[in-house]
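Residue strings, one per chain:
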Amino acid sequence: MATKKLDDDDDLNNRRNQTIIKATPIVATNDSWVTLYEDVLDPTDDDSEQILHELYQNLPWNVETDQFGPQSRPTCYFADPECTFSYVGLKLDPPSTGSTPGNNKWHPTVQKLRECVTRLLAVAGPDDPSSPSNESSRPLLTACLVNLYPQNKGFIPWHSDEIRAHGKDKVVASLSLGGPRRFQLRRRRRVDSCNHHTEEGETKPRMVADLWLPSGSVLLMKGEVQEHFEHCLPLEPEIIGDDAAAGDDAEMSFKKRQEDVTINPLRISLTFRSIVPGYESSNNRTIATDQ
Ligand SMILES: O=C(O)CCC(=O)C(=O)O
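Residues numbered from 1 in each chain as written. Predicted model: local features only at pLDDT ≥ 70, side-chain atom pairs only at ≥ 80, totals over all residues.

## Thoughts on the overall build of the chain
Check the secondary structure of the chain and you find seven helices and 17 strands. Here the analysis covers contacts within the chain between residues at least 6 apart in sequence; of these, 74% occur between residues at least 24 apart. (Helix = DSSP H or I, 4+ residues; strand = E, 2+ residues; numbered from the N terminus. Contact = placed C-beta atoms within 7 Å.)

Next comes the structure, spelled out in structure tokens:
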């Protein structure tokens with residue numbers, strides 16, 4: 001497969017330095033950062049499309065059943081040894097490291113994308129709060145939950161990610177392919193000691209962001225984001241072409257239907273995570289029930 005951009009170490013740095021990669025801060029407080037990096041994968045060459053189809057066809061997709069029932073989208077999980085991801089009553093272990101060639105560790109394309117996102121975060125620069133801390137020698141991104149959103153499917157309700165095992169960096173970096181799909185971010189509500197709902201930063205509007213995640217972008221959530229905010233991926237309502245109303249204009253009606261099916265296009269997201277190896281098997285382990 002032609003992934004010349006992914007293999008080119010200098011390309012990402014050049015694109016970042018030339019500000020071809022656009023960084024939009026969405027949240028930047030003293031402890032929480034959400035940043036959208038656009039055009040991390042060059043949309044003008046064929047790589048993103050090829051990668052999307054390769055992953056779609058070749059990854060071992062599986063619909064997991066969590067504590068709420070079968071999930072709304074197929075997923076698959078890659079991780080470094082001992083990087084178990086425990087969330088919504090599920091326990092995802094790194095793929096088998098058994099002796100079968102090709103049946104171990106990271107899928108090579110997912111691994112290349114991990115390196116690409118790692119480089120992006122490394123070159124974010126010391127002044128950029130998204131820049132990961134350099135204190136640890138372990139790789140920053142040790143795990144990846146890959147999500148497949150079939151066309152017009154894959155609604156994700158409001159939730160905060162489970163990041164107990166994510167170490168001090170608390171990074172979730174989501175690379176989008178295909179799409180675009182809508183993403184919303186809002187402040188979390190809390191219940192106070194009198195059982196009243198309160199909101200984080202009550203004087204501020206609750207909704208923080210309502211945007212589209214374009215193909216080739218990386219949405220970075222870092223720090224205490226999951227503590228203070230929640231996010232969702234709403235499914236746009238499908239507008240069914242009304243043949244009766246279209247009258248004689250059958251061609252128009254057909255075109256409208258063609259447009260409609262692209263409202264929630266096929267998307268794959270790779271959500272890279274900073275899970276600490278061994279966390280779940282250590283004494284820190286408690287049952288993770290929130291999403
Ligand atoms: O697909 C995405 O970009 C985010 C998915 C998500 O919210 C999650 O995996 O918790």
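That covers the picture; the talk isn't over yet.
## Focus: helix α3 (residues 47–58)
With 12 residues, α3 should cover 16 Å at 1.5 Å per step; its first-to-last C-alpha distance of 16 Å lies within 8% of that length. Inspection of α3 places Asp47, Ser48, Ile51 and Leu55 among the buried residues, and these make up the whole buried set. Buried residues in α3, looked at end-on, bunch into an arc of 95°, giving them a common side. (Expected span 1.5 Å × (residues − 1). Buried ≥ 20, exposed ≤ 12 C-beta atoms within 10 Å, placed from the backbone. Arc of directions from axis to C-beta.)

## Overview of the sheet that holds strand β16 (residues 229–233)
Sheet architecture is open: four strands sit in the order β9-β16-β11-β14, paired in antiparallel fashion. Strand pairing shows two members of the sheet lacking a second neighbour, β9 (156–159) and β14 (207–213), which therefore form its edges. Averaged over neighbouring strand pairs, the angle between their axes works out to 15° when direction is ignored. Pairing geometry for strand β11 (residues 181–187) and β14, over six bridges, is antiparallel. The residue bridging arginine 186 from the neighbouring strand is methionine 207, located in β14. (Pairing = 2+ DSSP bridges. Axes fitted to C-alpha atoms, helices over the stretch in contact; angles between N-to-C directions.)

## Quick look at the sheet that holds strand β15 (residues 218–223)
Spatially, the seven strands line up as an open sheet ordered β1-β2-β15-β10-β17-β8-β5, and their pairing is antiparallel. At either margin of the open sheet sits one strand with a lone partner, and together these are β1 (22–28) and β5 (75–79). In this sheet, neighbouring strand axes are inclined to one another by 15° on average, regardless of whether the strands run parallel or antiparallel. Two strands pair when backbone bridges link them, and strand β2 (residues 32–38) and β15 are joined in this way by six bridges, in the antiparallel orientation. Counterpart to tyrosine 37 in the pairing with β15 is valine 218. Each of β8 (143–149), β10 (172–178) and β17 (267–273) is contacted by α3, which is oriented at about 100° to β10, the strand it contacts most.

## Some remarks on helix α4 (residues 108–122)
Along its 15 residues, α4 runs 21 Å from first to last C-alpha, staying within 8% of the 21 Å computed at 1.5 Å per residue. Residues of α4 that are buried include every one of Leu113, Arg114, Cys116, Val117, Leu120 and Leu121, and no others. Angular distribution of buried residues about the axis of α4 spans 165°; they occupy a single face of the element.

## Comments concerning the nonpolar core
Counting 51 residues, the largest nonpolar core has Phe85, Val117, Ala173 and Val218 as its most contacted members. Ranked by the residues each element gives to this core, the list is headed by β8, at six residues. When neighbours within four sequence positions are excluded, alanine 173 is seen to be in contact with Val117, Leu121, Leu141, Val218, Leu220 and Phe272. (Core = buried A, V, L, I, M, F, W, Y, C linked by C-beta atoms within 7 Å.)

## Topic: the site of the ligand
Taken together, Leu145, Asn147, Ile156, Asp161, Ser174, His231, Leu233, Ser269 and Thr271 make up all the residues around the ligand. Contributions of two or more residues to the shell around the ligand are made by β8, β16 and β17. Partitioning the shell around the ligand into residue classes produces three nonpolar, five polar and one charged. (Near = placed C-beta within 6 Å. Nonpolar A, V, L, I, M, F, W, Y, C, P; charged D, E, K, R; others polar.)

## Structural notes on the environment of proline 237
As for its position among the elements, proline 237 is in the loop between β16 and α6 (243–246). Taking the number of C-beta atoms within 10 Å as the measure of exposure, proline 237 has 10 and is therefore exposed. Remark: the alpha-carbon pair of proline 237 and asparagine 152, spanning 85 residues in sequence, is separated by 8.6 Å.

## Structural notes on the environment of leucine 113
The topology assignment puts leucine 113 in helix α4. With 26 C-beta atoms counted inside 10 Å, the residue leucine 113 sits in the buried group. Sequence separation of leucine 113 and leucine 270 is 157 residues, and the distance between their C-alpha atoms is 8.5 Å.

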